[in-house]
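So the chains spell out like this:
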Amino acid sequence: MHTLKLALKVLRRRKFFTFVSLFAVTFTLLVLLVATAVLDSAFAPRAPEDRPQRTLVVTNAQAKGQHATRTGWAGYKLLVRTIPNLPGVERSALFATPRKLTTYHEGRKLTCQSRRVDGEFWRVFRFAFLEGGPFVPEDETQANPVAVINASTRDRFFGGGPAVGKTFELDGRRLRVVGVVRDVSSLRMLTYSDVWVPISLTRSDGYKNELVGDFGAAVLLSPGARPKDVAAEFARRVGAMPIDDPLFDTLKAPMDTPFGTVVSTFLDQTASGQGALAMTYIWLAALMFMGLPALNLVNLNLSRILERSSEIGVRKSFGATSAALARQFLMENVLLAAVGGLLAAVLTAVVLAGLNRSGLIPYAELSLNLRVLGWGLVLTLVFGVLSGVLPAWRMSRLHPVGALQGRFE
Amino acid sequence: MIRHLLKLAWHRKRANVLLLIEIAASFLVVFAVGAFVTYFGGNWRRPLGYDWRDVWAITITDERSGSGPEEGEAALAGRLVDELRQVPGVLAAAGVDSPPYVGWTNISNYDVKDRTIVFMSSGATVGADRVLGLKLLAGRWFSREDDATPWQAVVIDREMANDMFGTVQCVGKSIPRDKGGQEGGTLEQRVVGVIEDYRKDGELAPPDNFVFQYVSPEARSGPSRTYCLVVRVPPGAPVALEEAVVGRLRALAPQWSFDVNTLDQLRTQRFWSICTPILILGIVAGFLLLMVTLGLIGVLWQNVARRTRELGLRRAMGATRLGICRQILGELVLVTAMALLVGTVLVVQLPFFDAFDGVPRPTIVSGVLLAIVTILAIALAAGLYPSWLTTRIHPAEALHHD
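Residues numbered from 1 in each chain as written. Chains lettered and ligands numbered in written order. Predicted model: local features only at pLDDT ≥ 70, side-chain atom pairs only at ≥ 80, totals over all residues. Heavy atoms only, no water.

As for the interface of chain A and chain B
Interface size is commonly expressed as the accessible surface area that is lost when the partners come together.
Point 1. Facing the 48 residues of chain A at the interface are 45 residues of chain B.
Point 2. Regarding the contact of chain A and chain B, the summed buried area is about 4,000 Å², with carbon and sulfur atoms giving 59% of it.
Point 3. Of all residues in chain A, the largest losses of buried area upon contact with chain B belong to Phe23, Tyr104 and Leu292 of chain A, amounting jointly to 17% of the total for that side.
Point 4. Across the pair Lys100 of chain A and Asp259 of chain B runs a salt bridge whose closest N-O atoms are separated by 3.2 Å.
Point 5. Inspection of the chain A/chain B interface yields 10 residue pairs in polar contact (both at pLDDT 80 or more).
Point 6. Of all the secondary structure elements, the ones that give two or more residues to the side of chain A that touches chain B are helix H2 (15-43), strand E5 (99-105), strand E6 (108-117), helix H9 (274-302) and helix H12 (370-396) of chain A. (Contact = heavy atoms within 4.5 Å. Buried area = accessible area lost by both parts, 1.4 Å probe. Salt bridge = Lys/Arg side-chain N within 4 Å of Asp/Glu carboxyl O. Polar contact = N/O pair within 3.5 Å; in protein donor to acceptor, adjacent residues only side chain to side chain. Helix = DSSP H or I, 4+ residues; strand = E, 2+ residues; numbered from the N terminus.)

See below:
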C-alpha cells in the first residue's frame, strides 16, 4: 500500500512522462485487445459452436499422385465413407462450404451465402432458433426444398415478420422456410451462412464421387472418448480408402480441433495438431508487437535515472534495500500499465462497436467479454513487466554515494 | 567533430544501444508500410489495359463440384454467348475465362530455349476485346477465320511480347517453345495480336505476362470452355435487365449456377481487400511512430537536463548557443544514422528469403529511402525542443546547478 502511494505521487509529479507512458501502454493494449476480441469471436465456445472441446473437424483434404496434386476441402465421397460409425463419436455431421447465390425480388437483387448441410448438422452444432426448427434427415434423403435462414435474411426477404412456412426464390429454386436462426458471425468458418439447405438439394449429384471437393465434417465425441483415438481411427480409414482416380495414389485428410482445422488453412493444410503451432505464432507476434512500445518505455525510464538519483541515494542511505527499490519502480510501471489497461478496455469497446457497425466483417459480434478482459489483464501484466524490469533493476543497483553525487554509470 | 561525437556516444553506449534498437525497429515499421505504399502506388499509375465501366462478369458454376463447367460443354457455353447477344439492352457479349478482378487465374509456363517463361492465360472468344475495351497495339483480335487454321491463335499482352520476343511487333510469329512444353499440347500457337498490358488483378497488381487463347464455339482445340461470360451494358442498366439475362441463361443451362457481378463491384471489393489490411497497418504504424517520437522527446529532454553542467561549462568556455544546439542534434543524428544503417543492412537481406521473392528491388529501394527520410525527420522533430532548451542554459546558472 505504501509503495502504491509512493508510485502515485511520482507519476503525478512528472506529467509529460506519465502522459507518454500512458499513451504507449494504452495504444499497445488497445491493438492487442482488439485482436484478442476477434480471435475470441472466431473460436471461443459460443452458439452454434458451443462445444469445441468435444468437437473434431475435417475440412482439408489432399489427393496426391506423381504428376498431380489436388488440395482443397474434403470431397463428399471421402467423408461419407469414413465418418459414419466412428467409435467414440456420439454424432457426426457433413456440411459444404457456403456459396454465393442470387435472386431477384420485387425489382431488387438479393444475394446470400447458401450452405448445404445434412440433418445431423443441427444436432452437432446448436443454433439459436428464433422461430421454427431445423430440417431433419428425411428432408435430406428426399431432397425437400426446405431452408433454415438467419434473421437478416428474414428481414430482407419477408420484411421482418414471421417467415416459417413461407417460401422464397433462390437461384431459380423455390424454398420453404422451416426455421429462422440468429445471425452467425462470418468469422465462424464452420457454420456461418445466410441460408442453410439440405445437401441433396442440388441440380446434379456429381459431388457424390469426389474425394477432394467442398465438404467438411464435424463429429461430436462421446463423453470420455479420447480425441487422439478418434482421429487415429479416422486416419486409418482414410488411408484404406480405394482411390479410383488414376492421377492420384495417396490421400490425406487431417482430423483436428475446430481451431486447429481453421488455422491449418494458413499453415499446413495436410497436417493435424496445427493449433499449438498457431498459438506459438500468435504469442510471438504479440510479443514482437509489444517490443517496440516496451523498448520506448525502457529508454524513457532509463533516461530518468539521473532525475531520481538523489531520491534513490537518500533512500538507500537510510537503509532501503535494492529489492525494496526495485519493487517500488516495478510498482510504478504496473500501476501505469493498469491505468493504461483500463483506458485501453474502454477504447477497445468503442473500436469494437465501430467494427461491428462498419460491416467489415458480416454479422460481426465482437464484444469485450470476461474472457477477453482476462486476456487483457494477462497482456497488461506481461507488458508492464517487459517495460519495467530493466529500468527497475538498473535503478535499484545505483550506488548510494555515487547517486547522491549525481554519478550513475 | 564527428570523432568527438562518436566518443561522446561511446561513453554512454548502454543507453545508446537501446535507443539504437528502438530507432532501428521504427525504421523497419516505416519500411514495411513504405514498401507497400510505393509498390501499390507505382502499380496504380500504369495503364490498366481494359475498361471496367458498364461491364458485367457472369461466373458459371457447375453445381456438381462448385467449380467451372466440365470439359466438353463448350458448345453450350458458346450458345449462351449467342443467346446473350439476343437480349435487348445487351450491347456486346463474349466468353472469357479470367475477366478482370475475378479471383482465379490459370498459371502455366513455356520452356523457351534455356529459360522458362511463366504466364497467366485465359481462353477468350470472338468479341471479348470489344466487351472489355482491350487496346490493340498490333495485329488483330480473334475472329472466325481462326477456326480454319492449323495452328491455335493467341493474343498476348505487351509484357509477354517484350519478354518473349523483345518487341511488340511480333504478329505472325509462333511461340518458340521446346517440345514438351507444358501448356497447350503439341499444337503450334501463333500470335495474331498484341494488346496493352492486361492487368487482370486490377490497378494494384503489377503488369504480368498474359496470353489469351482462342476458344472457338466448336471447341476444336486448346481451352475448350469458358468459365465466365462478359457483357457490356448501357450505363445505369436496371436490375430488370440482369434478371432477364439470368432467366435466359438458366432456361438454356439449368445445371449451371450464374453469378452476375458488375466489374465496378468486383473492382471495389478487390481494392478494399488489399487496402484494408494496409490501412490498418498504416494506422497502427502511425501511432507507433507518434509514440516513438514522444518517447524520444522525453529521452532527449532528460539528456539535456542531465548534462546541464557539462553544457554550461562549454558555454562558459566560449561555445556558442548554435554550437551547443548543433552538438545535441549531431549526437542524435549520429545514433539515428547508425540505427538506419543497422535497419538497412537487415532489409537488404530480404531478397535472399523466399517469402519475399515477389518484392521487386525498386520497391525495396524506395521503401528504404522513404523510411530513412521519415525516421530522420522524426528524430530531428523530436530533437528540436530539447536542443532549443540548451540555448536557454545560462553558463553561470548551469555551473551553479545542484
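As for the domain arrangement of chain A
Residues and elements named next belong to chain A.
Point 1. Its domain assignment divides chain A into domain 1 (2-44 + 277-405) and domain 2 (66-248).
Point 2. Averaged C-alpha coordinates put domain 1 and domain 2 at centres separated by 46 Å.
Point 3. At the junction of the two partners, domain 1 supplies 12 residues and domain 2 supplies 11 residues.
Point 4. Around 860 Å² of area is buried between domain 1 and domain 2 when both sides are counted, 47% of it from carbon and sulfur atoms.
Point 5. In terms of surface lost to domain 2, no three residues of domain 1 exceed Ala42, Tyr363 and Glu365, which account for 60% of the buried area on that side.
Point 6. Linking domain 1 with domain 2 are one salt bridge.
Point 7. For the pair domain 1 and domain 2, the interface holds seven residue pairs in polar contact (both at pLDDT 80 or more).
Point 8. In terms of residue class, the side of domain 1 that touches domain 2 is made up of nine nonpolar, one polar and two charged. (Domains from an automatic or database assignment. Nonpolar A, V, L, I, M, F, W, Y, C, P; charged D, E, K, R; others polar.)

Considerations on the packing of aromatic side chains
Point 1. Counted under the stated rule, the structure contains 39 aromatic pairs over all chains.
Point 2. An angle of 70 degrees between the planes, with centres 6.2 Å apart, marks the rings of Phe95 of chain A and Phe125 of chain A as edge-to-face. Of this pair, Phe95 of chain A sits in strand E4 (residues 89-96) while Phe125 of chain A sits in the loop between helix H4 (121-124) and strand E7 (129-132), placing them 30 residues apart in sequence.
Point 3. The class for Phe125 of chain A is buried, based on a relative accessible area of 3%.
Point 4. Each ring, one from Phe36 of chain B and one from Phe40 of chain B, has its centre 6.3 Å from the other, and the planes form 0 degrees; the classification is stacked. Here Phe36 of chain B and its partner Phe40 of chain B are both found in helix H2 (residues 13-44), four residues apart, which amounts to about one turn of the helix.
Point 5. The exposure class of Phe36 of chain B is partly exposed, given its relative accessible area of 38%. (Phe/Tyr/Trp six-rings, centres within 6.5 Å; stacked < 30°, edge-to-face > 60°. Buried < 20%, exposed > 50% of the residue type's maximum accessible area, 1.4 Å probe, protein only.)

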